[in-house]
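Structural description and commentary
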Amino acid sequence: MALDTKLCTFTGRMVIVGFGSIGQGVLPLLLRHIDGLTADRITIVTAEERGREEAELYGVAFHNNPLDNDNFFQVLKPLIDKGDFLVNLSVDVSSLALIEFCQRVGAFYTDTCTEPWAGGYTDSSLSPSLRSNYALRESALALRGRYEGGPTALITHGANPGLVSHFVKQALLNIAADTGVETDVPTDRDGWGRLAQRLGIKTIHVAERDTQVSNQPKRIGEFVNTWSIDGFVSEGCQPAELGWGTHEKDLPPDGRRHEFGCDAAIYLMRPGAATRVRTWTPLEGPFHGFLITHSEAISISDYFTVRDGDRVVYRPTCHYAYHPCDDGVMSLHELAGKNYNMQAEQRLMMHEITGGMDELGVLLMGHPKGAYWFGSRLDIDTARSLAPYNNATSMQVTSTVLGGIVWTLENPNRGLVEPDEVDFRRVLDIATPYLGEVVGAYGDWTPLQDRNVLFPEDIDEDDPWQFKNFRVN
């Protein structure tokens, strides 16, 4: 796909709710690739002044008007009607409320995560189970029956969650080809689950290493990151969550099952920002990542579940293993030391970035060739050459948001849809030109590598892919 290709036509109105790093980065892509979508048909509704200069440069209406449960209908109703599109890239605005609003008025919808109203992530009156992404996902999926056949609402479709679900499917096909497993491209979730089962996939990591650096070192009392700081801190304060595979022998001592829903995932009685796991990417090699909760950890394990009647016979373990930029790691360390009270200053790294890349992919383990990583290596210089108002991290998200919007317009009456149910090849075709080097690589790494050397460790040497071996204690 050329970078000036028109991907579809849309002549309705579009409202972008939230205009942080992702909103600012996606705007040029929407105007570049969607025929008929002109600046005068786009409205930005956001909770701060950041981004006004870009909106004015493109001639897009910009409203600094924070949405809450009391005003969102009155603010949005004049801006959105049947056939229009709401792109939710906000924090602290209920995704469920906006999904239902769009279904009522007949508008299309997409977001990059399922958000509660402000305070929902850290409401101590709720149990950890009810503060989880598992609970938010179940609440969203509960809307399906009510809005079946309604205008398409594509939820949780950014880089991760979103793009990584498409990476998993392509990775499975690559492993099948490389191990001599003959298969057609599956056409439903049962077919995909059975392919993963045939290949012996036990564990899937969303393995990400961000090496971007800037010419402004993090200061004491400052949280620095390459994407939404509010979003990162919010999900870091949620319980660590992971899809729970059928090969796992024992629940972690602090692991808990939910008492409702699909039962495809567990949570730990500790925040994701305080939970680390061992993982691997081809360029970085072995490293420790944070087990930050993301909905793809649940949806991927759920989607690839194989059942015999009501009995689950196969399910992979899946979770995020994230190493932010080094200043982001220091910011998390300082945040934890203040008992997860946000620093007084926040800085989103963008123009001051001088080098580095985001190595984002999926690591599939347990098959005959051991471990296979498939994903994007996007460096900052390449990202800047592809589109303005982006860094390497945001570019992986914004290109996938674009792909999701195009797919939604091409599939207008699907009701509520998750990334795992989308045509993965269509989205990859759209996103790949913006992802830098998209590669697959095998490795002989396991979480048992170099263990039991300096100190004795409680590990399972019979099955390297047990979660207890990945977890850093």
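Residues numbered from 1 in each chain as written. Predicted model: local features only at pLDDT ≥ 70, side-chain atom pairs only at ≥ 80, totals over all residues. Heavy atoms only, no water.

Moving on: a nonpolar patch on the surface. On the surface, Leu-126, Leu-130 and Phe-260 cluster together into a nonpolar patch covering about 230 Å² of accessible area. Tracing the backbone through its elements, the reader meets Leu-126 in the loop between strand E7 (108-111) and helix H5 (133-141). Look at Leu-126 and you get partly exposed, because its relative accessible area is 30%. (Patch = residues over 30% accessible without salt bridge, like charges linked within 9 Å, V, L, I, M, F, W, Y side chains within 5 Å. Areas by Shrake-Rupley, 256 points an atom, 1.4 Å probe, with all protein chains shown as cover. Salt bridge = Lys/Arg side-chain N within 4 Å of Asp/Glu carboxyl O. Helix = DSSP H or I, 4+ residues; strand = E, 2+ residues; numbered from the N terminus. Buried < 20%, exposed > 50% of the residue type's maximum accessible area, 1.4 Å probe, protein only.)

Taken from the UniProt record, the annotation "domain: Saccharopine dehydrogenase-like C-terminal" (unreviewed entry) applies to residues 158-440. Taken as a whole, residues 158-440 contains 32% helix and 31% strand, while its terminal C-alpha atoms sit 21 Å from one another. (UniProt positions renumbered as here; feature names shortened; annotations may be inferred.)

Our next topic: the domain arrangement of the protein chain. As assigned here, the protein chain comprises domain 1 (8-154) and domain 2 (163-391 + 435-472). Domain 1 and domain 2 are separated by 26 Å when their C-alpha centres are compared. Here domain 1 packs against domain 2, burying approximately 2,100 Å² in sum over the two surfaces, 61% of which is carbon and sulfur. Sorting the residues of domain 1 by area buried against domain 2 places Asn-133, Tyr-134 and Arg-137 first, and these three jointly supply 32% of that buried surface. Applying the counting criterion to the domain 1 and domain 2 interface returns one salt bridge. Notably, a salt bridge pairs Arg-137 with Asp-302, separated by 2.9 Å at the nearest N-O pair. Linking domain 1 with domain 2 are 12 residue pairs in polar contact (both at pLDDT 80 or more). Residue assignment for the side of domain 1 that touches domain 2 shows that the elements contributing at least two residues are helix H1 (21-33), helix H2 (52-58) and H5. (Domains from an automatic or database assignment. Buried area = accessible area lost by both parts, 1.4 Å probe. Polar contact = N/O pair within 3.5 Å; in protein donor to acceptor, adjacent residues only side chain to side chain.)

Another point: the layout of surface pockets. Taken as a whole, the second largest pocket holds about 260 Å³ of empty space. Looking at the lining of the second largest pocket residue by residue, the class counts come to five nonpolar, two polar and eight charged. (1 Å grid on protein atoms, 1.4 Å probe; cavity = no way out; pocket = protein on both sides within 12 Å on 5 of 7 lines; lining within 4 Å. Points joined across faces, edges and corners; volume = space filled by probe spheres on them. Nonpolar A, V, L, I, M, F, W, Y, C, P; charged D, E, K, R; others polar.)

It is worth spelling out empty space enclosed by the protein at this point. Here the structure, examined in full by the defined rule, presents one cavity of 30 Å³ or more. By volume, the largest cavity is sized at about 30 Å³. Every residue along the wall of the largest cavity is listed here: Arg-137, Arg-189, Ser-299, Asp-302, Tyr-303, Glu-418, Asp-420 and Glu-421.

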